[in-house]
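Chain by chain, the residues:
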Amino acid sequence: DVKVTQSSRYLVKRTGEKVFLECVQDMDHENMFWYRQDPGLGLRLIYFSYDVKMKEKGDIPEGYSVSREKKERFSLILESASTNQTSMYLCANGDHNTGELFFGEGSRLTVL
Amino acid sequence: QQQVKQSPQSLIVQKGGISIINCAYENTAFDYFPWYQQFPGKGPALLIAIRPDVSEKKEGRFTISFNKSAKQFSLHIMDSQPGDSATYFCAAERGGNKLVFGAGTILRVKS
């Protein structure tokens, strides 16, 4: 019973390429988030959205953008990938009643 | 700037022992403190959580202890099992489901 799906588990891209990371949820939650996970740094918030067409910067938005055209879909975009964006990217949706976040399995991106 | 400081970075415990992971925070506006468990190849999943109006919460072998005055909280895993081997993250919420995470603790339980 997969609830948060990240379509690409592993990607290898070259510096300067445009990268799309897709996330789809079937939980009907308003709140969606993109985090990146790096060893020794934990999870850091990139962008979040509380509604369709709405987006807000998180703690480390530089070099990223997002798109939320439909409630269930939240995409992370790297306009021009750089090597320091090599990381694990985690999408999540949030239950605003309980506070719980539900994560996808992650997309591991390597930028060469 | 780490708003939630987590220690230790890694921990090895014998089967049956007690695993203890500690976190400290600075922002007194945080009002929800969850712990997430992550297995290799999987996303983090909520393990247990506490709000600052109580000092302790227990669910099975997992207990959160919360010290509001010291701005610290900890996870205790009693009777640790090899299946508990995972990465554990503490976190704090600043409203609207927005969590600030600690750096993580890699737990290994030796059988």
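Residues numbered from 1 in each chain as written. Chains lettered and ligands numbered in written order. Predicted model: local features only at pLDDT ≥ 70, side-chain atom pairs only at ≥ 80, totals over all residues. Heavy atoms only, no water.

Draft legend 1. Just the sheet that holds strand β8 (residues 72-77) of chain B, in detail. Residue and element names in this part refer to chain B. In space, the five strands of this open sheet follow the order β1-β3-β8-β7-β6, with antiparallel pairing throughout. Each edge of the open sheet is held by one strand with a lone partner, namely β1 (4-7) and β6 (56-59). Mean inter-strand twist for the sheet, computed between neighbouring axes without regard to direction, equals 15 degrees. Two elements, β6 and strand β7 (residues 62-67), share four bridges in a ladder whose sense is antiparallel. (Pairing = 2+ DSSP bridges. Helix = DSSP H or I, 4+ residues; strand = E, 2+ residues; numbered from the N terminus. Axes fitted to C-alpha atoms, helices over the stretch in contact; angles between N-to-C directions.)

Draft legend 2. Inspection of the layout of surface pockets at higher detail. Within this model, the largest pocket holds a volume of roughly 480 Å³. Along the wall of the largest pocket there are 24 residues; nearest its centre are Q37 and P39 of chain A together with Q38, T87 and F89 of chain B. When contributions to the lining of the largest pocket are tallied by element, the ones reaching two or more residues are β5 (31-38) and β10 (87-94) of chain A together with β9 (86-93) and β11 (105-110) of chain B. When residues of the lining of the largest pocket are assigned to their parent elements, the largest contribution, three residues, is made by β9 of chain B. Classifying every residue of the lining of the largest pocket gives eight nonpolar, twelve polar and four charged. Considering only enclosed or pocket space, the second largest pocket measures out at about 390 Å³ in volume. Along its surface, the second largest pocket is lined by 18 residues, and V4, F103, G104 and E105 of chain A together with G43 of chain B are the ones closest to its centre. Within the lining of the second largest pocket, the residues separate by chemical class into eight nonpolar, five polar and five charged. (1 Å grid on protein atoms, 1.4 Å probe; cavity = no way out; pocket = protein on both sides within 12 Å on 5 of 7 lines; lining within 4 Å. Points joined across faces, edges and corners; volume = space filled by probe spheres on them. Nonpolar A, V, L, I, M, F, W, Y, C, P; charged D, E, K, R; others polar.)

Draft legend 3. Local environment of the nonpolar core. Membership of the largest hydrophobic core comes to 25 residues, with the highest contact counts inside it found for V4, F33, W35, F73, L75 and Y88 of chain B. The set of elements that each furnish at least two residues to this core consists of β2 (10-14), β3 (19-25), β4 (33-38), β5 (45-50), β7, β8, β9 and β11 of chain B. A total of four residues in this core trace back to one element, the largest contributor, which is β9 of chain B. Membership of the second largest hydrophobic core comes to 21 residues, among which are V19, M27, Y47 and Y64 of chain A. (Core = buried A, V, L, I, M, F, W, Y, C linked by side-chain atoms within 4.5 Å. Buried < 20%, exposed > 50% of the residue type's maximum accessible area, 1.4 Å probe, protein only.)

Draft legend 4. Fine view of the pairing of strand β6 (residues 42-49) of chain A. Residues and elements named next belong to chain A. Counting buried positions along β6 yields seven of eight residues, so the element is predominantly enclosed. Pairing of β5 with β6 involves seven bridges; the strand directions are antiparallel. Following the sheet pairing, Q37 is matched in β6 by L43. Taking the residues between adjacent antiparallel strands as the criterion, β5 and β6 are bridged by three residues, where G40 takes a positive phi near 80 degrees. Bridge count for β6 against strand β7 (residues 56-57) is two bridges, and the pairing is antiparallel. In the sheet register, F48 faces β7, and the bridge partner there is E56.

Draft legend 5. Expanded view of the interface of chain B and chain A. At the interface, 21 residues of chain B touch 24 residues of chain A. For the pair chain B and chain A, the two sides together bury roughly 1,700 Å², of which 47% comes from carbon and sulfur. Put simply, chain B and chain A have two salt bridges between them. Salt-bridge contacts for K42 of chain B lead to E105 of chain A; the nearest nitrogen and oxygen are separated by 2.8 Å. If you look at where chain B meets chain A, you find ten residue pairs in polar contact (both at pLDDT 80 or more). Split by residue class, the side of chain B that touches chain A holds eight nonpolar, eight polar and five charged. (Contact = heavy atoms within 4.5 Å. Buried area = accessible area lost by both parts, 1.4 Å probe. Salt bridge = Lys/Arg side-chain N within 4 Å of Asp/Glu carboxyl O. Polar contact = N/O pair within 3.5 Å; in protein donor to acceptor, adjacent residues only side chain to side chain.)

Draft legend 6. Representation of the state of the cysteines in the model. Under the defined criterion, the tally for this structure stands at two disulfides over all chains. Put simply, C23 of chain A and C91 of chain A are joined by a disulfide, and their sulfur atoms are 1.9 Å apart. The disulfide joining C23 of chain A to C91 of chain A has a torsion of about -75 degrees about its S-S bond and is therefore left-handed. Taken together, the residues C23 of chain A in strand β4 (residues 23-25) and C91 of chain A in strand β10 connect sequence positions 68 residues apart. One exposure class covers both C23 of chain A and C91 of chain A, and it is buried. Each sulfur of the disulfide joining C23 of chain B and C90 of chain B lies 1.9 Å from the other. (Disulfide = S-S within 2.5 Å.)

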